[in-house]
Amino acid sequence: YILLNTKETIMPIIQQLNSPVMYLICGSIVAVVAVFCVIFMVRAYKAGVAVGMDEAKMKRTITASASFAVLPSVGILLGVIALSGSLGTPLPWLRLSVIGALHYETQVAEVAAETAGLPGLSATYMTPKAFSTIALLMGFCIIWGMVFSVFFTKKYTERLKTPKEKDGKPGLFAGFGDKAMTAMFIGLVSTYIGNYIGKWVSDGDFLPLAVALVGGAAMAGFIWLREKKNAEWVDSFSIAGSMIIAMASAVLFAQI
C-alpha cells in the first residue's frame, strides 16, 4: 500500500500493479509453492518405489496426469486474463496459482471493489486504497479452508466414514458434506441468475443472462457426453470449454 501511494503521482495505477516489484513479491511466493510441489512429488515417487510399485506404471501415471492437467488449466489462465485488466497480472497470477478459484476470486474482487466505493472492477477506477482492500479481502477470506483443515479435517473425516446410527438408520451427518455442497452451489447460482434477471428487468440488459444460459447449456452438453456417451475424457476440459463458449457468446451477443 505504501509503495503504491508513493508512486501514485509517478505512474498510472495499472503500471504500478504490473511493476517488477509486484512480480518479484508474487513470483517469490509462487516459486516457493512450486518447490514444495516438486519435493512432495519426488518423495511420493520414492515412497512408491520403496513399497514395490511398478516404476513404469508410475511414470505413465505422471505423464497422463500432466497431460490431463493442461486442459483444465485453461480455465485458470482465462481467470488470470480476466482479472489482469483491473488488478494487474501478478496478483491474479498468485491467487489462481496457489489456492484460489476463478469463481471465488472474481466474486470477492467485485464485492471488495463495490465496498471500496468503485463503480466497477476496472483499472479506470482503481486506486491504491481500493487495490489494498481487494487484495486483503481476497487473501483473508480464502485462508480459513487451510486453517480449519489443520484442526478439524481428521475429526470430520471420521464422522463421514462412520456416521452415528440410531435404530439402524443413518445419523444426522450421514451424507451431510454432499448435501451442503449441493445447497451451496444452488444458492450461488440462484444469486447470480437472480442478479442477471434483475438487470434484464430493470435496465433491459439481457447480455449477462444470455451468456449464463449459453454457459449452462454448454456444461449440460458436456455432462450428456460423459454420462450418455461414456466420454469420461470431457471432464478434463468441461469447465474451461464452457467458459470459452460462454465468453465467445458474450462477444457475439454484444455485437448483435
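Novice: Looking at this structure, how should I read the packing of aromatic side chains?
Specialist: The relative placement of two aromatic rings is captured by the distance of their centres and the angle of their planes. Taken as a whole and judged by the stated rule, the model has six aromatic pairs. A ring pair is formed by phenylalanine 148 and phenylalanine 152, whose centres lie 5.9 Å apart and whose planes are at 50°; its orientation type is tilted. Of the two residues, phenylalanine 148 and phenylalanine 152 both sit in helix 9 (residues 144-161), four residues apart, roughly one turn of that helix. A relative accessible area of 46% places phenylalanine 148 in the partly exposed class. Put simply, the rings of Phe140, Trp144, Phe148, Phe151 and Phe152 pair up and form one aromatic cluster.

Novice: I would appreciate a short explanation of the environment of proline 90 in the present structure.
Specialist: Tracing the backbone shows proline 90 in helix 6 (residues 90-98). In this structure proline 90 comes out as buried when scored by relative accessible area, which is 0%. C-alpha separation for the pair proline 90 and methionine 22, spaced 68 residues apart in sequence, amounts to 6.2 Å. Ignoring any residue separated from it by four or fewer positions in sequence, one finds proline 90 in contact with Leu17, Asn18, Met22, Tyr23 and Cys26.

Novice: Can you walk me through the layout of surface pockets in this structure?
Specialist: A water-sized probe, rolled over the atoms, reveals where empty space remains. Approximately 2200 Å³ is the volume attributed to the largest pocket. In terms of lining residues, the largest pocket is bounded by 49 residues, among which Leu102, His103, Thr106, Tyr192 and Tyr196 are the most central. Of all the secondary structure elements, the ones that give two or more residues to the lining of the largest pocket are helix 5 (72-87), helix 7 (102-115), helix 10 (176-203), helix 11 (207-228) and helix 12 (238-255). For the lining of the largest pocket, the element with the most residues is helix 10, which contributes nine residues. Each pocket or cavity is described by its volume, and for the second largest pocket that value is around 560 Å³. Lining the second largest pocket are 14 residues, and of these Ile142, Gly145, Phe148, Ser149 and Met184 lie nearest its centre. Taken together, the elements giving at least two residues each to the lining of the second largest pocket come down to helix 7, helix 9 and helix 10.

Novice: Sorry if this is basic, but what is going on with the confidence of the model for the chain here?
Specialist: Note: predicted coordinates in regions of low pLDDT should not be interpreted at a detailed level. On average, the chain scores 82 in pLDDT, and the residues at 70 or more come to 86%. When mean pLDDT is taken per element in the chain, helix 3 (residues 20-50) scores highest with 93 and helix 1 (residues 2-6) scores lowest with 48. Note that pLDDT drops below 50 for residues 6-10; the model gives that stretch three contacts with residues more than four away or on any other chain.

Novice: What is the right way to look at unusual backbone geometry in this model?
Specialist: Peptide bonds are mostly trans, and most non-glycine residues show a negative phi. With a phi close to 55°, asparagine 230 is a non-glycine residue in the positive phi region. Locating asparagine 230 in the fold gives a position in the loop between helix 11 and helix 12. On the basis of relative accessibility, which here comes to 60%, the residue asparagine 230 falls in the exposed class.

Novice: What is the right way to look at the packing of helix 7 against helix 8 (residues 128-142) in this model?
Specialist: Two quantities define a packed helix pair, namely the angle between the axes and the distance from one axis to the other. Packing of helix 7 against helix 8 leaves a shortest axis separation of 9 Å and a crossing angle of 135°. The angle between helix 7 and helix 8 falls in the class oblique. Helix-helix and strand crossings are classified by hand; for helix 7 and helix 8 the assignment is right-handed. Contacts between helix 7 and helix 8 involve Tyr104, Glu105, Val108, Ala109, Ala112 and Ala113 on the former and, on the latter, Thr133, Ile134, Leu137, Met138, Cys141 and Ile142. When the residues that make up the contact of helix 7 with helix 8 are grouped by side-chain class, the tally is 10 nonpolar, one polar and one charged.

Novice: I'm lost on the pattern of salt bridges in this one. Help?
Specialist: Across all of its chains, the model carries two salt bridges by this definition. Taking the shortest distance from any N to any O, the salt bridge between glutamate 105 and arginine 95 comes out at 3.1 Å. You can see glutamate 105 sitting in helix 7 and its partner arginine 95 sitting in helix 6, a full 10 residues away along the chain. With respect to burial, glutamate 105 and arginine 95 carry one shared label: buried. For arginine 226, the salt bridge goes to glutamate 227, with nearest N and O atoms at 3.4 Å. Classification of arginine 226 by relative accessible area gives partly exposed; the value is 25%.

Thresholds, definitions, all that
Residues numbered from 1 in each chain as written. Predicted model: local features only at pLDDT ≥ 70, side-chain atom pairs only at ≥ 80, totals over all residues. Heavy atoms only, no water. Phe/Tyr/Trp six-rings, centres within 6.5 Å; stacked < 30°, edge-to-face > 60°. Helix = DSSP H or I, 4+ residues; strand = E, 2+ residues; numbered from the N terminus. Buried < 20%, exposed > 50% of the residue type's maximum accessible area, 1.4 Å probe, protein only. Contact = heavy atoms within 4.5 Å. 1 Å grid on protein atoms, 1.4 Å probe; cavity = no way out; pocket = protein on both sides within 12 Å on 5 of 7 lines; lining within 4 Å. Points joined across faces, edges and corners; volume = space filled by probe spheres on them. pLDDT = per-residue confidence, 0-100. Axes fitted to C-alpha atoms, helices over the stretch in contact; angles between N-to-C directions. Parallel < 35°, antiparallel > 145°, perpendicular 65-115°, else oblique. Left-handed = near helix turned anticlockwise from the far one by under 90°. Nonpolar A, V, L, I, M, F, W, Y, C, P; charged D, E, K, R; others polar. Salt bridge = Lys/Arg side-chain N within 4 Å of Asp/Glu carboxyl O.

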